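Here's the letter readout for the chains.
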Amino acid sequence: MSLNTGAEIIRTENVTKRFGELVAVDHVNYVLRENEVAGIVGSNGAGKTTFFNLITGYYPPDEGTIFYRGEEITRVPAEKRVEMGMMRTFQLTSTFDNLTVIDNLILSFFRAHRSASLFPLFLTTRRRYRGEEKIVKTLETFELQNEADRQVKHLSLGEKRRLEIAMAILAEPKVLLLDEPLAGLAESEIKEVLEVLSKRIGKQTLLIVEHKISKVEDFLERLTVMHDGRVIADGKCEECLRAPEVRRSYWQIETPADGTDG
Ligand SMILES: Nc1ncnc2c1ncn2[C@@H]1O[C@H](COP(=O)(O)OP(=O)(O)OP(=O)(O)O)[C@@H](O)[C@H]1O
Ligand SMILES: [Mg+2]
C-alpha cells in the first residue's frame, strides 16, 4: 500500500471513552500524517464525533494516550490545542450572520493574527484589511468573491459552509478537522464544497467525518471505518469498502463464511 509516510500529526493509542456502560470509543489506535486527506465514516452512533472530541480535547479519554506532532496532549485543554494548530469547524461555525462575508473573514484573520481585545479594533480598522492578500486569496479559493459584501444571513447553506471552512483555514491550522461538513447540503453544494477543499490538497492536513461513504469516496485518500466505537477498517477507500467486517457492519451485507466475496 502506498499510503502517506509524512510526519505524524495526530496519534492515538488505545483511546477509550465511556458514557456510563456505553463504550463510545473503544481502544482506538489511529495515526494522521501531514497533508493527508483522510476520512472517518461509520453509521450513527459509531463514535466518530466522540473520537473528534477526544482528539480536539473537548473531553479527556478514560484510557489511552493522544499525541500531537510527537508531543503527548492527552490532558491538554481544547483552547490550547487550537493554539497549537488544531482547528475544528464547529468551534468556528460562529459566523456573524449580520456581518458581511468579508467582515467575517477579516474577523477570523484578526483572531488568528492578533491577540488582545480585537473586536473594537476590528470595527475601526476593518476597511484596511479588505485588500489583505490572505483575505483576497481566501475569497478566491472558496469562490466567495461575488458574495464578499453580502450579509451572511442571506447566503445559501452551501455558501455558508464554504465560508466556515474558509474562516477556519485563515487561521492557518496545522490540521483541520471537519465534522460532517456536507450535512444538509444539496448535491451541487456538496460538489462545490469538495471542489474548494480539493484546492487545499497537499497543503493542508484534513480529517473529515462523514456519515455516507458515497459522498466522499472519490475525494478521500484514506478511509477509517468505525463501528460500535471500534476501528474496523483503515486504508485506501476501495480496500476498506471490500473488507468483510465493513460489509457486515456498515453495509449490512452478509459475507460468505470462508471470507471470499463471490
Ligand atoms: N455526551 C454524551 N453522553 C452520553 N452518551 C453519548 C454522549 N455523546 C455520545 N454519546 C453516545 O456515544 C455513542 C457514539 O456517539 P457519537 O456521537 O460519537 O457517534 P457518531 O458516530 O458521531 O454518530 P452520528 O453519525 O450520528 O453523528 C452513541 O451511542 C451516543 O449516543
Ligand atoms: Mg457525529
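Given the structure is predicted, the values throughout are model-derived calculations rather than measurements.

In this section: the site of ligand 1. If you check the shell around ligand 1, you find 13 residues, and the closest are Asn44, Gly45, Lys48, Thr49 and Thr50. Within the side chain of Lys48, one N or O atom sits 2.7 Å away from an oxygen atom of ligand 1. Contacts to ligand 1 include Thr49, whose side-chain N or O atom sits 2.8 Å from an oxygen atom. Burial of ligand 1 by the protein amounts to 60% of the accessible area it has alone, namely 630 Å². Elements with a contribution of two residues or more to the shell around ligand 1: strand E2 (22-33) and helix H1 (48-56). Of the residues forming the shell around ligand 1, the biggest block, three residues, is contributed by H1. Here the residues of the shell around ligand 1 sort into four nonpolar, seven polar and two charged.

A separate point is the side chain of Thr138. Turning to its location among the elements, Thr138 is positioned in helix H6 (residues 133-141). For Thr138, a relative accessible area of 9% gives the class buried. For Thr138, the contacting residues outside a window of four places in its chain are Leu105, Ala166 and Leu170.

What follows deals with the packing of aromatic side chains. Taken as a whole, this structure holds three aromatic pairs when the rule is applied. Centre to centre, the rings of Tyr30 and Phe51 are 5.7 Å apart; their planes meet at 85°, and the pair counts as edge-to-face. On the criterion of sequence distance, the pair formed by Tyr30 in strand E2 and Phe51 in helix H1 is long-range, its members being 21 residues apart. Here the two residues Tyr30 and Phe51 agree in accessibility, since each one is buried. An aromatic cluster is present here, built from Phe19, Tyr58 and Tyr59 joined pairwise through their rings.

Okay, the nonpolar core next. Membership of the largest hydrophobic core comes to 49 residues, with the highest contact counts inside it found for Leu105 and Leu223. No other element matches helix H7 (residues 157-170), which puts seven residues into this core. Here this core gathers at least three residues from each of two domains, domain 1 (1-85 + 174-262) and domain 2 (91-172). Ignoring anything within four residues of it in the chain, the contact list for Leu105 reads Ile135, Thr138, Leu139, Leu163, Ala166, Met167 and Leu170.

Below, the discussion takes up the sheet that holds strand E9 (residues 222-227). Sheet architecture is open: six strands sit in the order E6-E7-E8-E3-E9-E10, paired in mixed fashion. Of all strands in the sheet, those bounded by a partner on one side alone are strand E6 (86-88) and strand E10 (230-235). When the angles between neighbouring strand axes are averaged without regard to direction, this sheet yields 15°. The sheet contact formed by E9 and E10 spans five bridges and is antiparallel. Paired with Met226 across the two strands is Val231, which belongs to E10.

This part takes up H7. Taking 1.5 Å per residue as the helical rise, H7 with its 14 residues ought to reach 20 Å, and the 20 Å between its terminal C-alpha atoms agrees with that figure. With twelve of 14 residues buried, H7 is to be regarded as a mostly interior element. Following H7 by one or two positions, Glu172 adopts a phi angle in the positive range, close to 50°.

Another aspect to go through is the packing of H7 against helix H8 (residues 187-198). Closest axis-to-axis distance for the H7/H8 pair is 9 Å, and the angle between their directions is 20°. In terms of orientation, H7 lies roughly parallel with respect to H8. In this structure, H7 crosses over H8, and the sense of that crossing is right-handed. Along the contact surface, H7 presents Leu157, Gly158, Arg161, Arg162 and Ile165, while H8 presents Glu189, Glu192, Val193, Val196 and Leu197.

All right, on to helix H4 (residues 101-113) then. Because the α-helix completes a turn every 3.6 residues, residues three or four places apart line up on one side. Under the 1.5 Å per step criterion, the end-to-end length of H4 is 18 Å for 13 residues, consistent within 8% with the ideal 18 Å. All of the buried residues along H4 are Val101, Ile102, Asp103, Asn104, Leu105, Ile106, Leu107, Ser108, Phe109 and Phe110.

This brings us to the packing of H4 against H6. Axis separation between H4 and H6 bottoms out at 10 Å; the angle between their running directions is 130°. Between H4 and H6, the interaxial angle falls into the category oblique. Where H4 crosses over H6, the handedness of that crossing is right-handed. Taken together, the residues of H6 that come into contact with H4 (itself represented by Val101, Ile102, Leu105, Ile106, Phe109 and His113) are Lys134, Ile135, Thr138 and Leu139. Looking at side-chain class alone, the contact of H4 with H6 contains seven nonpolar, two polar and one charged residues.

Reading the values: the criteria
Residues numbered from 1 in each chain as written. Chains lettered and ligands numbered in written order. Predicted model: local features only at pLDDT ≥ 70, side-chain atom pairs only at ≥ 80, totals over all residues. Heavy atoms only, no water. Near = heavy atom within 4 Å. Polar contact = N/O pair within 3.5 Å; in protein donor to acceptor, adjacent residues only side chain to side chain. Areas by Shrake-Rupley, 256 points an atom, 1.4 Å probe, with all protein chains shown as cover. Helix = DSSP H or I, 4+ residues; strand = E, 2+ residues; numbered from the N terminus. Nonpolar A, V, L, I, M, F, W, Y, C, P; charged D, E, K, R; others polar. Buried < 20%, exposed > 50% of the residue type's maximum accessible area, 1.4 Å probe, protein only. Contact = heavy atoms within 4.5 Å. Phe/Tyr/Trp six-rings, centres within 6.5 Å; stacked < 30°, edge-to-face > 60°. Core = buried A, V, L, I, M, F, W, Y, C linked by side-chain atoms within 4.5 Å. Domains from an automatic or database assignment. Pairing = 2+ DSSP bridges. Axes fitted to C-alpha atoms, helices over the stretch in contact; angles between N-to-C directions. Expected span 1.5 Å × (residues − 1). Parallel < 35°, antiparallel > 145°, perpendicular 65-115°, else oblique. Left-handed = near helix turned anticlockwise from the far one by under 90°.

All we've got here are geometric facts, nothing functional implied.
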